[in-house]
Amino acid sequence: MFFLFPFIFFPSILCEFGSLFFRRAMSYSAAGFGKPGSGKRRIRELLTQSDNRFCADCGAPDPKWASANIGVFICLKCCGVHRSLGTHISKVLSVTLDEWSDEEVDSMIEIGGNDSANSIYEAFLPDGFFKPGPDATHDQRLRFIRSKYEHQEFLKPSLRITSVKAPSTKSSSSYLSSSLSKKFMDSFRTNPSSQQPQLEGMVEFIGLLKVTLKKGTNLAVRDMMTSDPYVKLTLGQQTVQSTVKKSNLNPVWNEELMLSVPHDYGSVKLQVFDYDTFSADDIMGEAGIDIQPLITSAMAFGDPEMFGDMQIGKWLKSHDNALIEDSIINISDGKVKQEVHIKLQNVESGELELEVEWLSLES
């Protein structure tokens, strides 16, 4: 595959990036990585490559996250910093939990993995400079990752291009559907009016929520005799959505949804909708999920792997929330989890059961 780089007026960039990616693309095509198949399977195959078995930024073993546009595999703690940079710099996806488009998978394969990307992004690390290690603090990771990808301090000077502020949702979608080489190069967009990076929209995250949507019971009818329900979760500016369950008032999802948690987090807004093909989707109820008890309990105990299975907190049922019963927070198998059973509000009927797990990004 040949690459058409958008910055044709930077011949040095075209030469270095183009030749590197061309060689990598040819070798991976010969190895069979470029052949059609399951996106997750192809990503897992790439992850078995020796350089991809360690985080590209701190060297922690067994990374399970990736920056699809930069082309590196990263650990959970570095993943939180990447998310805070914005998707215009780093588009973070889970190797196991997220759905990957063919374009995102192809981009990772063509870039070639951690060694290939680091040969560009870390080409000019200063003498005596030490990258953060697996036990680095959050602040150490933040400084290094921003220097490496946002400010491009370790690139050859002739390759450095000032990035711009995060694009709108519409332009972000357009960006993700662009050519593979353009996806990578968009990490270095130019702003002719300024030589300083734009920090607008920067959000620092403290952790992740893994919400397992289990099932719904006695959901409201919005079509003739049934509904096609799906669930939408919103936290701040983030929204994630479940799959649609056709003609089912008692759907079983068992589906995992991920949300990043900023420092100034609020409640998670949960909404259930009936999917309609030719008209606006109908609301089937809503509820708020207070995540403060979960996070406060988790932070009070620190590393949950140091403890056996035990109850560490509780979100109490009251007339001010949608809980059907008290929501217990436990440490189970080294993980902080909370079972939540809610009655949907502003609707004639409907209940949801879900599990919320806290994944800390703090060291």
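In short, a report on the structure. (Residues numbered from 1 in each chain as written. Predicted model: local features only at pLDDT ≥ 70, side-chain atom pairs only at ≥ 80, totals over all residues. Heavy atoms only, no water.)

This brings us to the pattern of salt bridges. Note on pairing: side chains with opposite charge can pair once their charged atoms come close. Per the counting criterion, the structure on display carries 12 salt bridges. Salt-bridge contacts for E150 lead to R146; the nearest nitrogen and oxygen are separated by 2.8 Å. Residue E150 and its partner R146 are located together in helix 6 (residues 138-150), separated by four residues, close to a single helical turn. Close ionic contact of E256 with K210 constitutes a salt bridge, the shortest N to O distance being 4.0 Å. Here the residue E256 occupies a position in strand 7 (residues 252-262), and K210 occupies one in strand 4 (residues 205-217), the gap between them amounting to 46 residues. A residue is classified by how much of its surface remains accessible, and E256, at 32% relative accessible area, is partly exposed. Looking at K210, the relative accessible area reads 15%, which means it is buried. (Salt bridge = Lys/Arg side-chain N within 4 Å of Asp/Glu carboxyl O. Helix = DSSP H or I, 4+ residues; strand = E, 2+ residues; numbered from the N terminus. Buried < 20%, exposed > 50% of the residue type's maximum accessible area, 1.4 Å probe, protein only.)

This part is about the nonpolar core. Counting residues in hydrophobic clusters, the biggest one holds 39 residues, and the most contacted among them are L209, L233, L270, I342, L352, L354 and W358. The residues contacting L233, other than those within four sequence positions of it, are V211, Q238, T239, V240, L257, L259, V268, K269 and L270. One finds A56, W65, V81 and F144 within the second-largest nonpolar core, a separate group that totals 26 residues. (Core = buried A, V, L, I, M, F, W, Y, C linked by side-chain atoms within 4.5 Å. Contact = heavy atoms within 4.5 Å.)

The strand order 2-1-3 describes an open sheet built from three strands, whose pairing is antiparallel. The open sheet is flanked by strand 2 (72-74) and strand 3 (92-94), the only strands paired with a single partner. For this sheet, the mean angle separating the axes of adjacent strands, direction not counted, is 35°. Of the pairings in the sheet, the one linking strand 1 (residues 65-67) to strand 3 comprises three bridges and is antiparallel in character. Note on strand 3: the bridge partner recorded for W65 is S94. (Pairing = 2+ DSSP bridges. Axes fitted to C-alpha atoms, helices over the stretch in contact; angles between N-to-C directions.)

This next bit is on unusual backbone geometry. Of note in the backbone geometry, Q152 takes a positive phi value of approximately 55° without being a glycine. Mapped onto the secondary structure, Q152 falls in the loop between helix 6 and helix 7 (169-176). Here N218, not a glycine, exhibits a phi torsion of approximately 55°, which is positive. Turning to its location among the elements, N218 is positioned in the loop between strand 4 and strand 5 (229-235). You can call N218 partly exposed: its relative accessible area is 47%.

Before going further, it helps to examine the packing of aromatic side chains. Counting across every chain of the model gives six aromatic pairs. Consider the rings of F144 and F154, whose centres lie 5.8 Å apart with planes at 25°: the pair is stacked. Taken as a pair, F144 in helix 6 and F154 in the loop between helix 6 and helix 7 lie far apart in primary sequence, 10 residues in all. Residue F144 shares its accessibility class with F154, and that shared class is buried. (Phe/Tyr/Trp six-rings, centres within 6.5 Å; stacked < 30°, edge-to-face > 60°.)

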